[in-house]
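Residues per chain are reported as follows:
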Amino acid sequence: MTLQYSAKNLPKQIFINNEYVDSKSPKKLTLHNPKNGELLADDVPLAGEQDVDAAVDAADKAFPAWKKMSANQRRGIMNKFADLIEQNAEGIAQLSRISLGAPAAFGAFEIGLCAEVFRYNAGFIDKFGGESWPQEDGFLKIVRNEPLGVTAGIVPWNGPIGTIGLKAAPALATGNCFILKPSEKTPFSSLALGTLVKEAGFPPGVFQILSGDGSTGALIASHMRIRKVSFTGSIATGKKIQEMAAKSNLKRVTLELGGKSPAVVFDDCNLDNAVTWTANAITANTGQVCFAASRVYVQEGIYEAFIEKYKQAMKDKTKEIGDPDETSTNIGPLVDEAQFKRVQGFIERGQQGQGTLAVGGKRIGTSGYYLEPTVFTDVDPTSEIHCEEIFGPVSVVKSFKTEEEIMQLANNTNFGLMAGVFTQDINKALRVASDFDSGMVGVNCVSLMFTMTPFGGSKESGLGRECGVYALRAFTEPKTIMINMNY
């Protein structure tokens, strides 16, 4: 099976009950190409209430049989889907690239992640066992991990394919039916997957795709028959989803939200390693990454040496910016005009007393949404560029004296997603890693994830975890069965 879509033939139907259908809602989405601002389409379906209800109806009907399907059958379907994702990698990547602007290398990473997560979770189908306790007290106790039923995932525009795997794979592996809602900024690659869903052998209603905007997400979050929603996006939207989930049927939620991740660089670090990781972390996907190392704190003994190397690294990154359709490009444009203007606004205001512009800050070219990687130094720790998530290739660098001082500053935020510590003293590294108030910590690395370990944050960076066995638990309900042995 080869996907027949292209930039000139975009998928423009929603996928319900294993069929592509027109949306019942008359509203449409309009999308532009971020590399040049040209119109891509103004007739992409925006799923409304009737569409969401139809998907839920189909999922409800499909759930009993999917839940009871043998592990071998379900695993085979999920592994075949992973194979099809890889076989159609080029076409899927192109459909993401035209509206996201991420270069080919990022597309390859995303598609590989999606396929691998499907295989990883498929392997868990007959290994995610329950628990039991002996009957010395007269009762045999058994705990089963039960699927929830109809579940949904609302995925972000900055990782439109990779995050599908993180949400859909554990949901489907544990016997749930799943409704995917892609971002209104990057719907095409998701909509194209319906063809592969059917080819892989998923029964009708098990895996469905509804394009739409925040109004569609609100319908999902407040739907009385959807039992779980997993959302990746902004804190503000995440709070609304949690509120709607609570006010409707108290559905389960997983929220993977924003970050303002600190990287703490000590005097005794490997300097070149620290520079490489922190520069890559703020420019990957044009800085549009929730766990990007956007706050860099450097101990005063190596501050001057670090800042010179870091500034040069960021200047060198500018040479990697270009047309995302060219294989030599590593960094593309920002996703759209709204995001471009948002990041520009932070940079402009940052130069008005918040800090010193050390590198970058300018638009590249006159067409498309390209920005130079940007560094601010001497930053006011109460300023917005230091405290707020910018979601672009913009970092702040600040010096510090003591470990106690910097840990207080690093943790003085409502975010708690990722953190990094750079030192060759393992005792210090483990002490600092323990002291960080964040869901993930890198030692001599930062801003990365693994499929088998929990991904997520503390405080306002989120609720729950994705990846590994933690994702399986998030899509199941433990059921306790008590057997009286003395009757």
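Going by the structure above, here's the rest.
Structural notes, computed from the coordinates. Starting from 1, residues in each chain are numbered consecutively following that chain's sequence as written. Thresholds applied to this predicted model are a pLDDT of at least 70 for local features of residues and 80 or more for the giving and counting of side-chain atom pairs; totals over whole chains, interfaces and linings are not thresholded and use all residues. The basis for every side-chain value is the complete set of heavy atoms in the structure, and neither hydrogens nor water enter the calculation.

**Examining helix α5 (residues 162-173)**
- Secondary structure counts use DSSP, requiring at least four H or I residues in a row for a helix and at least two E residues in a row for a strand, with both numbered from the N terminus. Residue count minus one, scaled by 1.5 Å, sets the expected span of a helix. Taking 1.5 Å of rise per residue, 12 residues should cover 16 Å, and α5 covers 17 Å from first to last C-alpha, within 8% of that figure.
- Burial classes follow relative accessibility: with a 1.4 Å probe on protein chains only, a residue under 20% of its type's maximum area counts as buried, one over 50% as exposed, and anything between as partly exposed. Of all the 12 residues making up α5, 12 are buried; the element is thus mostly covered by neighbouring parts of the structure.
- Buried within α5 we find G162, T163, I164, G165, L166, K167, A168, A169, P170, A171, L172 and A173.
- At the C-terminal side of α5, G175 shows a positive phi close to 95 degrees.

**Examining the layout of surface pockets**
- Estimates place the volume of the largest pocket at around 910 Å³.
- Here a cavity is any set of points on a 1 Å grid over the protein atoms alone where a 1.4 Å probe fits but cannot get out, and a pocket is any open set with protein on both sides within 12 Å along at least 5 of 7 lines; a residue lines the site when it has an atom within 4 Å of a point. F231, G233, S234, I235 and T237 are, among the 41 residues lining the largest pocket, the residues nearest its centre.
- Secondary-structure elements contributing two or more residues to the lining of the largest pocket are α7 (214-221), β10 (228-232), α8 (235-247), α11 (337-350) and α12 (384-387).
- Ranked by the residues each element gives to the lining of the largest pocket, the list is headed by α8, at 5 residues.
- Residue classes follow a fixed rule: Ala, Val, Leu, Ile, Met, Phe, Trp, Tyr, Cys and Pro count as nonpolar, while Asp, Glu, Lys and Arg count as charged, and any other residue, Gly among them, counts as polar. Looking at side-chain class alone, the lining of the largest pocket contains 16 nonpolar, 14 polar and 11 charged residues.
- Grid points are joined across faces, edges and corners, and a volume is the space filled by probe spheres set on the points. Here the second largest pocket is characterised by a volume of approximately 770 Å³.

**Some details on the pairing of strand β11 (residues 252-256)**
- Burial of β11 is extensive: 4 of the 5 residues sit out of reach of the surface.
- As defined by bridge partners, β10 adjoins β11 across 5 bridges and the pair is classed as parallel. Bridge assignment links T232 to a residue of β11, and that residue is E256.
- By convention a crossover is right-handed if, when the strands point away from the viewer, the path from the first strand over the helix to the second runs clockwise. Handedness of the β10-α8-β11 crossover: right-handed.
- Note on pairing: DSSP must find at least two bridges between two strands before they are called paired. Bridge count between β11 and strand β19 (residues 462-463): 2 bridges; the pairing is antiparallel. Paired with L255 across the two strands is L463, which belongs to β19.

**Remarks on the side chain of Q354**
- As for its position among the elements, Q354 is in the loop between α11 and β14 (356-359).
- The term polar contact refers here to a pair of N or O atoms within 3.5 Å; inside protein, the definition further demands a hydrogen-donor-capable atom paired with an acceptor-capable atom, and it admits residues adjacent in sequence only when both atoms are side-chain atoms. Looking at Q354, its side chain comes within polar contact range of the main-chain nitrogen of I385, at 3.1 Å.
- Beyond its immediate sequence surroundings of up to four residues, Q354 is in contact with R349, D378, V379, D380, S383, E384 and I385. Every residue pair with non-hydrogen atoms within 4.5 Å of one another is taken to be in contact.

**As for the side chain of T232**
- Here T232 is to be found in strand β10.
- Given a relative accessible area of 8%, T232 falls into the buried group.
- At 2.8 Å, the side chain of T232 forms a polar contact with the side chain of K167.
- Apart from residues no more than four positions distant in its own chain, T232 is found in contact with I154, V155, P156, K167, E256 and E466.

**Points about the packing of aromatic side chains**
- Each Phe, Tyr or Trp ring (for Trp, its six-membered ring) is paired with any other whose centre lies within 6.5 Å, and the angle between the two planes then decides the class: stacked below 30 degrees, edge-to-face above 60, tilted in between. Tallied over the full model, the rule gives 14 aromatic pairs.
- Between W66 and F202, the aromatic rings sit 5.7 Å apart at their centres with planes inclined by 50 degrees, giving tilted as the arrangement. Of this pair, W66 sits in helix α1 (residues 49-68) while F202 sits in the loop between α6 (188-200) and β9 (207-209), and the two are 136 residues apart along the sequence. Comparing W66 with F202 shows no difference in burial state: the two are buried.

**Digging into the sheet that holds strand β16 (residues 394-400)**
- The sheet built from 7 strands is open, its strands ordered β14-β15-β16-β13-β12-β17-β18 with mixed pairing. At either margin of the open sheet sits one strand with a lone partner, and together these are β14 and β18 (440-443). The average angle at which neighbouring strand axes cross in this sheet is 25 degrees, direction not considered.
- Sheet topology places strand β12 (residues 262-265) next to strand β17 (residues 418-422); 3 bridges connect them, and they run parallel. Bridged to V265 within β17 is F422.
- For every element, the axis is a line fit to its C-alpha atoms; helices are fit only across the contacting stretch, and the angle between N-to-C directions ranges from 0 to 180 degrees. Sheet strands touched by helix α13 (residues 403-411): β12, β13 (295-299) and β16. Its angle to β13, the strand with the most contacts, is close to 175 degrees.

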